Amino acid sequence: MKLRYNFRVYPDASQCAALARAFGCARVVFNDALRLRRDAFTQGLPRPTAGELSKTVITEAKHTPERAWLGEVSAVVLQQSLRDLESAYSNFFASKNGTRKGPKAGPPRMKKRAARQAIRFTANAHWSLTGSGKLRLPKIGDLSVR
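This section reports on the structure supplied with the text. It should be emphasised that the depicted structure is a prediction, and the values quoted were computed from it without experimental measurement. (Residues numbered from 1 in each chain as written. Predicted model: local features only at pLDDT ≥ 70, side-chain atom pairs only at ≥ 80, totals over all residues. Heavy atoms only, no water.)

Thoughts on the environment of Y89
- Examined against the element boundaries, Y89 turns out to sit in helix α3 (residues 75-97).
- For Y89, a relative accessible area of 10% puts it in the buried group.
- Sequence spacing of Y89 and D39 is 50 residues, and the spatial spacing of their C-alpha atoms is 15 Å.
- For Y89, the residues in contact, after removing those within four places along its chain, are L34, R37, R38 and P108. (Helix = DSSP H or I, 4+ residues; strand = E, 2+ residues; numbered from the N terminus. Buried < 20%, exposed > 50% of the residue type's maximum accessible area, 1.4 Å probe, protein only. Contact = heavy atoms within 4.5 Å.)

Let's talk about the side chain of R27
- Residue placement: R27 occurs in helix α1 (residues 13-42).
- Buried charge R27 goes without a salt bridge, the closest partner of opposite sign being D32 at 10 Å.
- Setting aside its immediate chain neighbours within four residues, R27 contacts K111, K112, R113 and Q117. (Lys, Arg positive; Asp, Glu negative; His and termini not counted. Salt bridge = Lys/Arg side-chain N within 4 Å of Asp/Glu carboxyl O.)

Concerning the layout of surface pockets
- In this model, the largest pocket occupies a volume close to 1,300 Å³.
- Around the largest pocket sit 30 residues that line it, and N6, A118, I119, R120 and F121 are the ones nearest its centre.
- Going through the elements one at a time, α1, α3 and β3 (134-137) are the ones with two or more residues in the lining of the largest pocket.
- By volume, the second largest pocket is sized at about 260 Å³.
- Lining the second largest pocket are 13 residues; nearest its centre among them are R37, R38, F41, Y89 and F93.
- Of all the secondary-structure elements, those providing two or more residues to the lining of the second largest pocket are α1 and α3.
- Among the residues forming the lining of the second largest pocket, the class breakdown is nine nonpolar, one polar and three charged. (1 Å grid on protein atoms, 1.4 Å probe; cavity = no way out; pocket = protein on both sides within 12 Å on 5 of 7 lines; lining within 4 Å. Points joined across faces, edges and corners; volume = space filled by probe spheres on them. Nonpolar A, V, L, I, M, F, W, Y, C, P; charged D, E, K, R; others polar.)

Considering the pairing of β3
- Residues of β3 alternate between two faces, with L135 and L137 buried on one and K134 and R136 left unburied on the opposite face.
- Pairing of strand β2 (residues 128-129) with β3, which is carried by two bridges, proceeds in the antiparallel orientation. Residue pairing in the sheet places S128 in a bridge with R136 of β3.
- Hairpin geometry of β2 and β3 is characterised by an intervening segment of four residues between the two adjacent antiparallel strands and by a positive phi of about 80° at G133.
- As defined by bridge partners, β3 adjoins strand β4 (residues 141-145) across four bridges and the pair is classed as antiparallel. Each residue of the ladder has a partner; that of K134, found in β4, is S144.
- In textbook terms, the turn of a hairpin is the stretch between consecutive antiparallel strands, and for β3 and β4 this stretch comprises three residues, one of which, K139, has a positive phi near 60°. (Pairing = 2+ DSSP bridges.)

Shown next as structure tokens:
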């Protein structure tokens, strides 16, 4: 059984900054992984596995000075961004082979800043609803929901 919850949140100023940071980090990880996969394809190398991408784009990048800010957001958000890329590629190849129903899917594209942004927290992120009716997210805080 799959469950999904959608919440309309009302963050304060500091939570808006934390959410913007999470959106930006997820976008950067997605774009970095997409760039690595494209580079491997153009050079004729085998495609990097999900584990290699996670190690390179998330774990090792956190230890470099120019990407140290990736450690400020929940790791689950970054991992879900990589899973989104894998899903986009599998949809593209299934569409290309004719095994996917519905409209044809193109190859994944770089993410840009947009008006509508989204991140995903899985059960592993240990999000919860508090007794006062707030949504508690890791490294963001308690958000008002309706």
